Amino acid sequence: MEFSESLKKNKDFTVVYRKGISKANRQLVMYIYHNNLDRNRIGISVSKKVGNSIVRHHVTRLIRESYRLNEEMFISGLDIVVVAREATASANFGEIQKSLLHLANLHRVTRK
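This section reports on the structure supplied with the text.

Reading the values: rules and limits
- Residues numbered from 1 in each chain as written.
- Predicted model: local features only at pLDDT ≥ 70, side-chain atom pairs only at ≥ 80, totals over all residues.
- Heavy atoms only, no water.
- Helix = DSSP H or I, 4+ residues; strand = E, 2+ residues; numbered from the N terminus.
- Rg over C-alpha atoms; globule rule 2.2 N^0.38 Å.
- Buried < 20%, exposed > 50% of the residue type's maximum accessible area, 1.4 Å probe, protein only.
- Contact = heavy atoms within 4.5 Å.
- Areas by Shrake-Rupley, 256 points an atom, 1.4 Å probe, with all protein chains shown as cover.
- Lys, Arg positive; Asp, Glu negative; His and termini not counted.
- Charge placed at Lys NZ, Arg CZ, Asp CG, Glu CD.
- Axes fitted to C-alpha atoms, helices over the stretch in contact; angles between N-to-C directions.
- Parallel < 35°, antiparallel > 145°, perpendicular 65-115°, else oblique.
- Left-handed = near helix turned anticlockwise from the far one by under 90°.
- Nonpolar A, V, L, I, M, F, W, Y, C, P; charged D, E, K, R; others polar.
- Salt bridge = Lys/Arg side-chain N within 4 Å of Asp/Glu carboxyl O.

Points about the overall build of the chain
- The helix and strand tally for the chain stands at 3 helices and 5 strands.
- Put simply, the chain runs from its N terminus to its C terminus through helices and strands in the order β-α-β-β-β-α-β-α.
- Over its C-alpha atoms the chain spans a radius of gyration of 13 Å, differing by no more than 12% from the 13 Å that the globule rule assigns to 112 residues.
- Principal-axis analysis of the C-alpha atoms gives the chain an extent of 35 × 30 × 20 Å.
- The proportion of buried residues among the 112 residues of the chain is 44%.
- Taking the intrachain contacts of the chain between residues at least 6 apart in sequence as the baseline, contacts between residues at least 24 apart amount to 82%.
- When the accessible surface of the chain is split by element, carbon and sulfur atoms take 51% of a total near 6,600 Å².
- Computing the positive centroid from 20 side-chain charges and the negative centroid from 10, the chain places the two 7 Å apart.

Next up, the structure:
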(Lines give C-alpha, C1' and ligand atoms only; values in the text may rest on other atoms or scores of the structure.)
Protein backbone atom coordinates (compact mmCIF):
# COMPACT_ATOMS: atom_id res chain seq x y z
CA MET A 1 0.00 0.00 0.00
CA GLU A 2 1.43 3.32 -1.02
CA PHE A 3 1.37 6.31 1.20
CA SER A 4 0.09 9.53 -0.27
CA GLU A 5 0.15 12.98 1.21
CA SER A 6 -1.87 16.11 0.68
CA LEU A 7 -0.96 18.99 -1.58
CA LYS A 8 -1.27 22.01 0.67
CA LYS A 9 0.81 24.85 -0.73
CA ASN A 10 -0.68 27.20 -3.30
CA LYS A 11 2.47 26.94 -5.43
CA ASP A 12 2.07 23.15 -5.62
CA PHE A 13 -1.51 23.55 -6.86
CA THR A 14 -0.36 26.18 -9.37
CA VAL A 15 2.30 23.86 -10.82
CA VAL A 16 -0.27 21.09 -11.32
CA TYR A 17 -2.77 23.50 -12.91
CA ARG A 18 -0.18 24.99 -15.28
CA LYS A 19 1.86 21.93 -16.25
CA GLY A 20 -0.58 19.12 -15.63
CA ILE A 21 -3.14 17.57 -17.93
CA SER A 22 -6.83 17.92 -17.10
CA LYS A 23 -9.81 15.73 -17.82
CA ALA A 24 -13.34 16.37 -16.65
CA ASN A 25 -16.74 14.78 -16.25
CA ARG A 26 -20.01 16.13 -14.91
CA GLN A 27 -18.94 16.14 -11.28
CA LEU A 28 -15.17 16.46 -11.14
CA VAL A 29 -12.14 17.86 -12.93
CA MET A 30 -8.87 15.97 -12.41
CA TYR A 31 -5.44 17.42 -13.08
CA ILE A 32 -2.49 15.02 -13.23
CA TYR A 33 1.17 15.99 -13.12
CA HIS A 34 4.10 13.56 -12.76
CA ASN A 35 6.05 14.61 -9.67
CA ASN A 36 9.09 12.25 -9.88
CA LEU A 37 8.51 11.11 -6.31
CA ASP A 38 7.77 7.58 -5.14
CA ARG A 39 4.36 8.56 -3.82
CA ASN A 40 1.24 10.40 -4.89
CA ARG A 41 0.16 13.74 -3.54
CA ILE A 42 -3.51 14.68 -3.74
CA GLY A 43 -5.11 18.09 -3.49
CA ILE A 44 -8.82 18.75 -3.42
CA SER A 45 -10.41 22.04 -4.39
CA VAL A 46 -14.06 22.80 -3.67
CA SER A 47 -15.15 26.37 -4.42
CA LYS A 48 -17.97 28.35 -2.86
CA LYS A 49 -20.05 27.69 -5.97
CA VAL A 50 -20.55 24.14 -4.68
CA GLY A 51 -22.24 25.26 -1.46
CA ASN A 52 -21.71 26.53 2.06
CA SER A 53 -18.81 25.36 4.23
CA ILE A 54 -20.70 22.32 5.52
CA VAL A 55 -21.43 21.11 1.99
CA ARG A 56 -17.87 21.87 0.83
CA HIS A 57 -16.28 19.94 3.71
CA HIS A 58 -18.64 17.03 3.12
CA VAL A 59 -17.71 16.90 -0.59
CA THR A 60 -14.01 17.13 0.31
CA ARG A 61 -14.30 14.18 2.70
CA LEU A 62 -16.17 12.10 0.11
CA ILE A 63 -13.51 12.75 -2.55
CA ARG A 64 -10.64 12.06 -0.12
CA GLU A 65 -12.24 8.82 1.07
CA SER A 66 -12.97 7.58 -2.45
CA TYR A 67 -9.31 8.20 -3.35
CA ARG A 68 -8.12 6.48 -0.16
CA LEU A 69 -10.19 3.37 -0.80
CA ASN A 70 -8.90 3.08 -4.39
CA GLU A 71 -5.36 4.35 -3.82
CA GLU A 72 -3.72 1.04 -4.72
CA MET A 73 -5.20 1.29 -8.24
CA PHE A 74 -3.24 4.49 -9.01
CA ILE A 75 0.31 4.37 -10.35
CA SER A 76 2.91 6.11 -8.15
CA GLY A 77 4.63 9.43 -8.69
CA LEU A 78 1.65 11.67 -9.39
CA ASP A 79 0.43 15.01 -8.17
CA ILE A 80 -3.35 14.86 -8.44
CA VAL A 81 -5.65 17.84 -8.04
CA VAL A 82 -9.37 17.10 -7.96
CA VAL A 83 -11.70 20.05 -8.47
CA ALA A 84 -15.32 19.57 -7.46
CA ARG A 85 -17.99 20.96 -9.77
CA GLU A 86 -21.37 22.22 -8.64
CA ALA A 87 -22.99 18.86 -9.41
CA THR A 88 -21.05 17.22 -6.55
CA ALA A 89 -23.13 19.07 -3.96
CA SER A 90 -26.03 16.67 -4.54
CA ALA A 91 -23.93 13.57 -5.34
CA ASN A 92 -23.60 10.60 -3.02
CA PHE A 93 -20.40 8.70 -2.21
CA GLY A 94 -20.94 6.08 -4.92
CA GLU A 95 -21.39 8.70 -7.64
CA ILE A 96 -18.28 10.62 -6.56
CA GLN A 97 -16.21 7.43 -6.41
CA LYS A 98 -17.42 6.43 -9.88
CA SER A 99 -16.53 9.88 -11.25
CA LEU A 100 -13.06 9.76 -9.67
CA LEU A 101 -12.29 6.33 -11.12
CA HIS A 102 -13.71 7.34 -14.51
CA LEU A 103 -11.28 10.29 -14.67
CA ALA A 104 -8.37 8.13 -13.48
CA ASN A 105 -9.09 5.72 -16.33
CA LEU A 106 -9.32 8.59 -18.84
CA HIS A 107 -5.90 9.79 -17.64
CA ARG A 108 -4.60 6.20 -17.85
CA VAL A 109 -3.10 6.42 -14.36
CA THR A 110 -4.63 3.21 -13.02
CA ARG A 111 -2.89 -0.13 -12.85
CA LYS A 112 -4.31 -2.75 -15.16
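Regarding the packing of helix H2 (residues 53-69) against helix H3 (residues 93-107)
- Between H2 and H3, whose axes approach to 9 Å, the crossing angle comes to 60°. Regarding the angle of H2 to H3, the classification is oblique. Crossing handedness for the pair H2 and H3: right-handed. Within the contact between the two elements, H2 uses Leu-62, Ile-63, Glu-65, Ser-66, Tyr-67 and Leu-69 and H3 uses Phe-93, Ile-96, Gln-97 and Leu-100.
- Here the residues of the contact of H2 with H3 sort into 7 nonpolar, 2 polar and 1 charged.

Structural notes on the pattern of salt bridges
- Taken as a whole and judged by the stated rule, the model has 4 salt bridges.
- Here Arg-39 and Glu-5 are joined by a salt bridge, their closest N and O atoms 2.6 Å apart. In this pair, Arg-39 sits in the loop between strand E3 (28-34) and strand E4 (41-46) while Glu-5 sits in strand E1 (residues 5-6), placing the two residues 34 residues apart along the sequence.
- By relative accessible area, Arg-39 is classed as partly exposed at 24%.
- The class for Glu-5 is partly exposed, based on a relative accessible area of 28%.
- A salt bridge links Arg-41 to Asp-79, with the nearest nitrogen and oxygen atoms 2.7 Å apart. Taken together, the residues Arg-41 in strand E4 and Asp-79 in strand E5 (residues 78-84) connect sequence positions 38 residues apart. Summarising the burial analysis for this pair, Arg-41 and Asp-79 share the class buried.
- Connected through salt bridges with shared partners, the residues Glu-5, Asp-38 and Arg-39 form a single ionic network.

Some details on the environment of Phe-93
- Structurally, Phe-93 is set in helix H3.
- Remark: the alpha-carbon pair of Phe-93 and Asp-79, spanning 14 residues in sequence, is separated by 23 Å.
- Contact partners of Phe-93, with chain neighbours within four places excluded, come to Leu-62, Glu-65, Ser-66 and Leu-69.

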